[in-house]
Amino acid sequence: MPPLVIENLDSLKNFVGLEIATTDWFEITQDRIQQFAEATEDRQWIHLDRDLAAEESPYGRTIAHGFLTLSLLSHLSKQALHIQNGVRMAVNYGLNRVRFPSPVHAGSKIRARFTLQSLKDAGNSSEAVFAVVVETENQIKPCCVAEWVVRYYAQNPPPPA
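Just so it is clear, the model here is predicted, and its values are computed rather than measured. (Residues numbered from 1 in each chain as written. Predicted model: local features only at pLDDT ≥ 70, side-chain atom pairs only at ≥ 80, totals over all residues. Heavy atoms only, no water.)

J.: Can you lay out the overall build of the chain for me, pointing to particular residues and giving the numbers?
T.: Along its length, the chain carries six helices and eight strands. Start at the N end of the chain and walk to the C end: the helices and strands fall as β-α-β-β-α-α-α-α-α-β-β-β-β-β. Across its three principal axes, the chain shows a C-alpha extent of roughly 70 × 30 × 25 Å. Counting over 161 residues, the chain shows a buried share of 40%. (Helix = DSSP H or I, 4+ residues; strand = E, 2+ residues; numbered from the N terminus. Buried < 20%, exposed > 50% of the residue type's maximum accessible area, 1.4 Å probe, protein only.)

As structure tokens, then:
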């Protein structure tokens, strides 16, 4: 699905309270899970040991780290929203709430639904709060639900002539 394309931050105000996009499906491979484990030093067997996970895990196979799913919000958001003008940079400002209601099995596909909850002036930036629901293909429960705070910094105005 193409992203919502808007002219500028002022235009974003029109979408407060609305679901703005659902992203395309994104596969979570075992290789990606392995790379995340190495990067974060989180090598728990439930993520990496296929044989032990098949025998001992309540999920029957390896699963992605919840934080891996969460870390993909930045990537997925690029499929959700594009602000054409006036934004110098967008910064991940944090999270108000995060839950991981169900696992993401290795080889599964996820996608995200983004709803703009609020947009407010934050001095030298605009602060957007997105309700994000990350779904796993062919699963009823979402795998991640989060309130994600993003700060958008305006481009510097041109110097006076």
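J.: Describe the nonpolar core, listing the residues and the values that go with them.
T.: With 36 residues, the main nonpolar core has Leu12, Ile28, Leu81, Ile110, Phe114, Phe130 and Tyr152 as its most contacted residues. Aside from chain neighbours lying at most four places away, what touches Tyr152 is Leu9, Leu12, Leu81, Ile83, Val87, Met89, Ala90, Ser125, Ser126, Ala128 and Phe130. (Core = buried A, V, L, I, M, F, W, Y, C linked by side-chain atoms within 4.5 Å. Contact = heavy atoms within 4.5 Å.)

J.: Talk me through the pattern of salt bridges; I want residue IDs and the actual numbers.
T.: Evaluation of the coordinates by the stated rule reveals eight salt bridges. For Lys120, the salt bridge is made with Glu127, and the minimal N-O distance between the two is 3.8 Å. (Salt bridge = Lys/Arg side-chain N within 4 Å of Asp/Glu carboxyl O.)

J.: I'd like a description of the environment of Leu18, backed by residues and values.
T.: Its place among the elements puts Leu18 in the loop between α1 (9-12) and β2 (19-22). Residues Leu18 and His75, spaced 57 residues apart in sequence, show a C-alpha to C-alpha distance of 21 Å.

J.: How would you summarise the packing of aromatic side chains if you had to cite specific residues and measurements?
T.: Within this structure, the stated rule accounts for four aromatic pairs. A centroid spacing of 6.3 Å and a plane angle of 85° characterise the contact between Phe114 and Phe130, whose relative ring orientation is edge-to-face. Taken together, the residues span a long stretch of sequence, with Phe114 in strand β6 (residues 109-121) and Phe130 in strand β7 (residues 125-136) at a distance of 16 residues. Phe130 carries the same exposure label as Phe114, and that label is buried. Between the aromatic rings of Phe130 and Trp148, the centroid separation amounts to 6.4 Å while the plane-to-plane angle is 45°, which identifies the pairing as tilted. Of this pair, Phe130 sits in strand β7 while Trp148 is found in strand β8 (residues 144-154), placing the two residues 18 residues apart along the sequence. Taken together, the ring pairs connect Phe114, Phe130 and Trp148 into an aromatic cluster. Just above the ring of Tyr93 sits the side chain of Arg151; from NZ or CZ to the centre is 3.8 Å. (Phe/Tyr/Trp six-rings, centres within 6.5 Å; stacked < 30°, edge-to-face > 60°. Lys NZ or Arg CZ within 6 Å of the ring centre and 35° of its normal.)

J.: Could you give an account of the environment of Ala90, with specific residues and numbers?
T.: By the secondary structure assignment, Ala90 is in strand β5 (residues 87-99). Expressed as a C-alpha distance, the spacing of Ala90 and Ala154, which sit 64 residues apart in the sequence, is 9.1 Å. Residues within four places of Ala90 in sequence aside, it is in contact with Val150, Arg151 and Tyr152.

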